[in-house]
Amino acid sequence: MSQPPTPPPPQHKRLARPADAVAPGAARPERSFTGIPIAPGVAIGPVFSASEPKVEVTRHKIQAADTPAEGARFDAAITQSRKQLLKLRARLAILPEESQQEIAPLIDAYIRMIGPSRLVRGVRRRIDETLLAAESAVVEEAEAIAGAIQAQVEPGMSAEDRAGLTRRADEVREIGRRLVRNLTHAPFRNFAALPAGAVLVSESLRPADAALLDPARLAGVAAEEGGADGHTGVMLRAVGVPAVLGAAGLAHAVRPGDVVVVDGTAGTVVLNPSVITLTAARRAVTAFARERQRYAMLRRLPAETQDGAEIELAANLELPLELPQIAQSGAHGIGLLRSEFLFMNRETVPDEASQTESYRSIVEAMEGDPVTIRTLDWGGEKEIEALSAAGIVPEVADANPALGLRGIRLLLRRPELFETQLAAILRAAVAGPVRVLLPMVTNVAEVRAARETYERVARRLRRRGERLPEKLPPLGIMIETPGAALSADALALEADFFAIGTNDLTAYTLAVDRGEADLAGLYDPMHPAVLRLVQFATEAALRMRMPVSVCGEMAGNPRLTPLLLGLGLRSFSMNAASVPRVKQVVRAVDIDACTRLARRVMEQSDAVAIAEMVDGFMGRPVG
Ligand code: PEP
Ligand code: MG
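Residues numbered from 1 in each chain as written. Chains lettered and ligands numbered in written order. Predicted model: local features only at pLDDT ≥ 70, side-chain atom pairs only at ≥ 80, totals over all residues. Heavy atoms only, no water.

(A) The overall build of the protein chain, seen in detail. A count of helical and extended segments in the protein chain gives 25 helices and 16 strands. A globule of 623 residues ought to have a C-alpha radius of gyration of about 25 Å, and the protein chain, at 26 Å, matches this closely. Each principal axis of the C-alpha atoms in the protein chain carries an extent, and together these give about 85 × 60 × 50 Å. Split into buried and exposed, the 623 residues of the protein chain put 54% on the buried side. The contacts in the protein chain between residues at least 6 apart in sequence include a share of 72% that link residues at least 24 apart. Taking the average location of the 73 positive side-chain charges in the protein chain and that of its 76 negative ones, the two points are 2 Å from each other. (Helix = DSSP H or I, 4+ residues; strand = E, 2+ residues; numbered from the N terminus. Rg over C-alpha atoms; globule rule 2.2 N^0.38 Å. Buried < 20%, exposed > 50% of the residue type's maximum accessible area, 1.4 Å probe, protein only. Contact = heavy atoms within 4.5 Å. Lys, Arg positive; Asp, Glu negative; His and termini not counted. Charge placed at Lys NZ, Arg CZ, Asp CG, Glu CD.)

(B) Local environment of the coordination of the magnesium ion (ligand 2). The protein atoms donating to the magnesium ion (ligand 2) are Glu 480 (OE) and Asp 504 (OD), with metal-donor distances spanning 2.0 Å. Within this pair, whereas Glu 480 is found in the loop between β13 (475-479) and α18 (482-486), its partner Asp 504 is found in helix α20 (residues 502-510), the two being separated by 24 residues in sequence. The same class applies to Glu 480 as to Asp 504, namely buried. (Donors = N, O, S within 2.8 Å, 3.2 Å for Na, K, Ca; no water.)

(C) Up close: the sheet that holds strand β3 (residues 42-49). Spatially, the eight strands line up as an open sheet ordered β1-β8-β7-β3-β4-β5-β6-β2, and their pairing is mixed. Strands at the two margins of the open sheet, each flanked by one partner only, are β1 (31-34) and β2 (36-39). On average, each strand axis in the sheet is tilted by 30 degrees relative to the strand beside it, whichever way the strands run. Of the pairings in the sheet, the one linking β2 to strand β6 (residues 243-245) comprises three bridges and is antiparallel in character. (Pairing = 2+ DSSP bridges. Axes fitted to C-alpha atoms, helices over the stretch in contact; angles between N-to-C directions.)

(D) Just the domain arrangement of the protein chain, in detail. Under the domain assignment, the protein chain is made up of domain 1 (11-49 + 190-285), domain 2 (64-184) and domain 3 (305-617). In this structure, domain 1 and domain 2 have C-alpha centres spaced 28 Å apart. Each side of the interface is counted separately: domain 1 has 13 residues, and domain 2 has 12 residues. Counting the surface domain 1 buries against domain 2, the share from its top three residues, Arg 31, Ala 248 and His 252, is 47%. Our count for the contact surface shared by domain 1 and domain 2 stands at one salt bridge. Between Glu 203 and Arg 178 there is a salt bridge, and its shortest N-O distance comes to 2.8 Å. Viewed at the interface, domain 2 and domain 1 are joined by one residue pair in polar contact (both at pLDDT 80 or more). When contributions to the side of domain 1 that touches domain 2 are tallied by element, the ones reaching two or more residues are β1 and α10 (250-253). (Domains from an automatic or database assignment. Buried area = accessible area lost by both parts, 1.4 Å probe. Salt bridge = Lys/Arg side-chain N within 4 Å of Asp/Glu carboxyl O. Polar contact = N/O pair within 3.5 Å; in protein donor to acceptor, adjacent residues only side chain to side chain.)

What follows is the structure, given as structure tokens:
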């Protein structure tokens, strides 16, 4: 692929001196928060707090017969809001005592307001007596209570008392907004108001929200929720700005005008940094920029081990904005195109023509390098409004979305959705080498059914006179469930290639939510059970001489490269920014030594011992 035009400089470089513009928050003391490192680099900037996106509610009436159902919707929103707040409350325990003392009473006040409170009684009355839809009832009741609180302000009152009343009124409005968000299932956010150079701070961020962020305007991101390899994390890596998730208490501690330092390499966030912290952060920004320059020099060097084994390093693509970075990274093609972005943040499901156009433009941009397009992987935390609006998926999530109708299961149940996407991919495949990848496979019947659909779509397109590649693109499968990994020998007879998705494989093997900050310590891709499944699937593919790659976040972690090479893997697909880091390790190692490392690792039963072996292998920290 040819050298693209130089992309705009990353925000954290542009912001080398932003704190000059925003004087350190002298009035408020420095506060540190520890979270999970998501995307490397250091960002310094003013906080843009997006914890409570505004949801516009138009006054809406219901029929008298619908009041019980409306009351039930309101109850469900209360339950969900309480769950969210209790979870937040529990997570505050990791904060220093003094921070807890500031934030906990606020959360407690919110919890009280959705108990047997005036707000809740008032909303029910408005639903039952005024026949208002639940969200309209919440907005009107919250506003009425907030207005009554503010009306208590009297001329002779002290500034402190006035501020107290205003704060109480704001709290009522804020809990109202939370209830409305939960009633309306939080429509997608609009970050248009985000000022250039700001750091987005939020309680939670959905993958679809992260997909809307513009790296040319944004300095960094920090949120209270989210795990290392959840889809929001994956999306933030794609956006490419320094990011930290799982920073408990942060969103509730920020105030307008605060300045924040986000260190996405260390996983820390500092609110109102002192002069000393700011100086160190600026130094880190410069060091990171230098490191990037060093990595850029690796672009043209081959990904070849010391003993001459050629390793394929491809890029994952979650958003088209990654294309210039993929070109610069030296990646050989796209090993995983997550097609979910095409369906997110829009009101309707994209039709065949517009999908064809999107895939074709990506395939063309890769100029002959292969592109592996994964069909839609809906489910888990990947909410897609257009699919619920079209009635393709239920509006109310399953009790256990991660174990529900995810990936291939939905596609096989909704043939029109699947066929449209396959037709678009096949039509785009005339523009360059393409492979088709099926998500969340658990058994051979799914692959057989998918292949039948695939061939039927190709026949129909040919009858329609569409130009398709003479030979149908290979049809491969994700190995991302323990069921698939343990059936790898049987699946290898059905599929044309494997792509091992270590994110879901780790989550499903260890029964740990990959996007959950509280469980981050339990989510461990180096757990021997996960490694055994990777090994089993890899060996099944190698026996059949079938292509096999790793495309989960493990593939982009240079620390794990020697181990994966030692297990026999020669193909990796990862976030573009990781390609040079992994290439550096590939070029430094020797396959025999990696094989010996893998043998020793696979004899271990303890993830801690494995981590020590892996870290000891290079004799220095990697990454
Ligand atoms: C995986 O599960 O490892 C994977 C690559 O798929 P996703 O992260 O999109 O679920
Ligand atoms: Mg997956």
